[in-house]
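Results of the structural survey
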Amino acid sequence: AQTVTQSQPEMSVQEAETVTLSCTYDTSESDYYLFWYKQPPSRQMILVIRQEAYKQQNATENRFSVNFQKAAKSFSLKISDSQLGDAAMYFCAYNTGTASKLTFGTGTRLQVTL
Amino acid sequence: NAGVMQNPRHLVRRRGQEARLRCSPMKGHSHVYWYRQLPEEGLKFMVYLQKENIIDESGMPKERFSAEFPKEGPSILRIQQVVRGDSAAYFCASSPPSIQGGIQYFGAGTRLSVL
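Computed from a predicted structure; not experimentally measured. (Residues numbered from 1 in each chain as written. Chains lettered and ligands numbered in written order. Predicted model: local features only at pLDDT ≥ 70, side-chain atom pairs only at ≥ 80, totals over all residues. Heavy atoms only, no water.)

Structural notes on the environment of Q14 of chain A
Residue and element names in this part refer to chain A. Secondary-structure assignment places Q14 in strand 2 (residues 10-14). Residues Q14 and S82 lie 68 residues apart in sequence; the distance between their C-alpha atoms is 7.1 Å. Setting aside its immediate chain neighbours within four residues, Q14 contacts S82, V112, T113 and L114. (Helix = DSSP H or I, 4+ residues; strand = E, 2+ residues; numbered from the N terminus. Contact = heavy atoms within 4.5 Å.)

And the structure:
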C-alpha cells in the first residue's frame, strides 16, 4: 500500500526567509504524481504544486519549488521569501494519475513570524 | 467557472439522525471523490464515483455510509444513524474525464458535528 509521511508536525519561518517542508512516500509504482496542498484556516484545500514522477526536472511555481528525489522517495517543498499569507497546514499527497485516489500525509503546520 | 461546491458548510446532527452532504463538481467534471478529515489529521479517502457508478469504495465504512452520483444533480454522501465519531470535515473533490496528472480540485468542505 502507498504511504505518505510528513515527519515535521510544525515548522516556523520568519517573514522573507526560506523554509523547507519534508515528505517521503512509499510506492511500488513507477509512474505516479506528487502534490503539495495548502490548507489555510478557512479549510479550503488549495493546490500549491505538482510533480510528475517521470520528469526529472523539479517543479516550480513562483516562490514554491520542490526537491524531488525519486530513488530516495523524497519530495520536499521549499518556500522562498515567506509571506504571512503562507501560514497554513501543508499536506503532501500522492496518486497514480487518472481516476486515482489521493493519499495524504498527516500535514505540517507552518507558522510565519514577523 | 465555479469551483467545487459543497453544502452545507456546517451541519449539526444529534446521535441517531441522518446526515446528507452534497457536492456539485466543477463544470465538465465527471469524477467525484469524497475524503474525510478528522481533527488534527490528514484527509482520508472514502469513495470515488463517476456518473451513476461507484468506482472505488475501499475507504468507506462498511455500515451506515453510502454515496451516489446520479445522472442529474449533485453527488450525495449519506451517513445514517450518526455517532459522535462521525464528527469531522468531509471534503469533495472533482476531476475532468480526461484528467491530466491526477489533479483534483477541492470544495471548501462540510463540517459535521454530532451532538
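Here the narrative resumes, following the displayed structure.
Looking at the interface of chain B and chain A
With 28 residues of chain B in contact, the opposing surface of chain A contributes 22 residues. Buried area between chain B and chain A, summed over both chains or domains, comes out near 1,900 Å², and the portion from carbon and sulfur atoms is 52%. The interface formed by chain B and chain A includes zero salt bridges. The tally of links between chain B and chain A comes to six residue pairs in polar contact (both at pLDDT 80 or more). Of all elements in the fold, only strand 4 (31-37), strand 5 (43-50), strand 9 (88-95) and strand 11 (110-114) of chain B reach the threshold of two or more residues within the side of chain B that touches chain A. Top element by residues in the side of chain B that touches chain A is strand 4 of chain B. It accounts for four residues. (Buried area = accessible area lost by both parts, 1.4 Å probe. Salt bridge = Lys/Arg side-chain N within 4 Å of Asp/Glu carboxyl O. Polar contact = N/O pair within 3.5 Å; in protein donor to acceptor, adjacent residues only side chain to side chain.)

Focus: the sheet that holds strand 3 (residues 19-24) of chain B
All names here are of chain B. Ordered in space as 1-3-8-7, the four strands form an open sheet in which the pairing is antiparallel. Each edge of the sheet is formed by a strand with only one pairing partner; in this case those strands are strand 1 (5-7) and strand 7 (65-68). For this sheet, the mean inter-axis angle between neighbouring strands, taken without regard to orientation, is 15 degrees. Where strand 1 meets strand 3, three bridges bridge the pair, whose relative direction is antiparallel. (Pairing = 2+ DSSP bridges. Axes fitted to C-alpha atoms, helices over the stretch in contact; angles between N-to-C directions.)

Description of the packing of aromatic side chains
Residues and elements named next belong to chain B. Inspection of every chain in the model, using the stated rule, returns 14 aromatic pairs over all chains. Seen in terms of ring centroids, Y33 and Y48 are 4.6 Å apart; in terms of plane orientation they differ by 10 degrees. Their pairing is stacked. Highlighted residues: Y33 in strand 4 and Y48 in strand 5, separated in sequence by 15 residues. Using a relative accessible area of 2% as the deciding quantity, one classes Y48 as buried. (Phe/Tyr/Trp six-rings, centres within 6.5 Å; stacked < 30°, edge-to-face > 60°. Buried < 20%, exposed > 50% of the residue type's maximum accessible area, 1.4 Å probe, protein only.)

Overview of the layout of surface pockets
In this structure, the largest pocket spans a volume of roughly 350 Å³. Lining the largest pocket are 19 residues, with Q39 and R43 of chain A together with Q37, E40 and R111 of chain B sitting closest to its centre. Among the elements of the structure, strand 10 (88-95) of chain A together with strand 9 and strand 11 of chain B are those that each provide at least two residues to the lining of the largest pocket. When grouped by side-chain class, the residues that make up the lining of the largest pocket number 10 nonpolar, four polar and five charged. (1 Å grid on protein atoms, 1.4 Å probe; cavity = no way out; pocket = protein on both sides within 12 Å on 5 of 7 lines; lining within 4 Å. Points joined across faces, edges and corners; volume = space filled by probe spheres on them. Nonpolar A, V, L, I, M, F, W, Y, C, P; charged D, E, K, R; others polar.)

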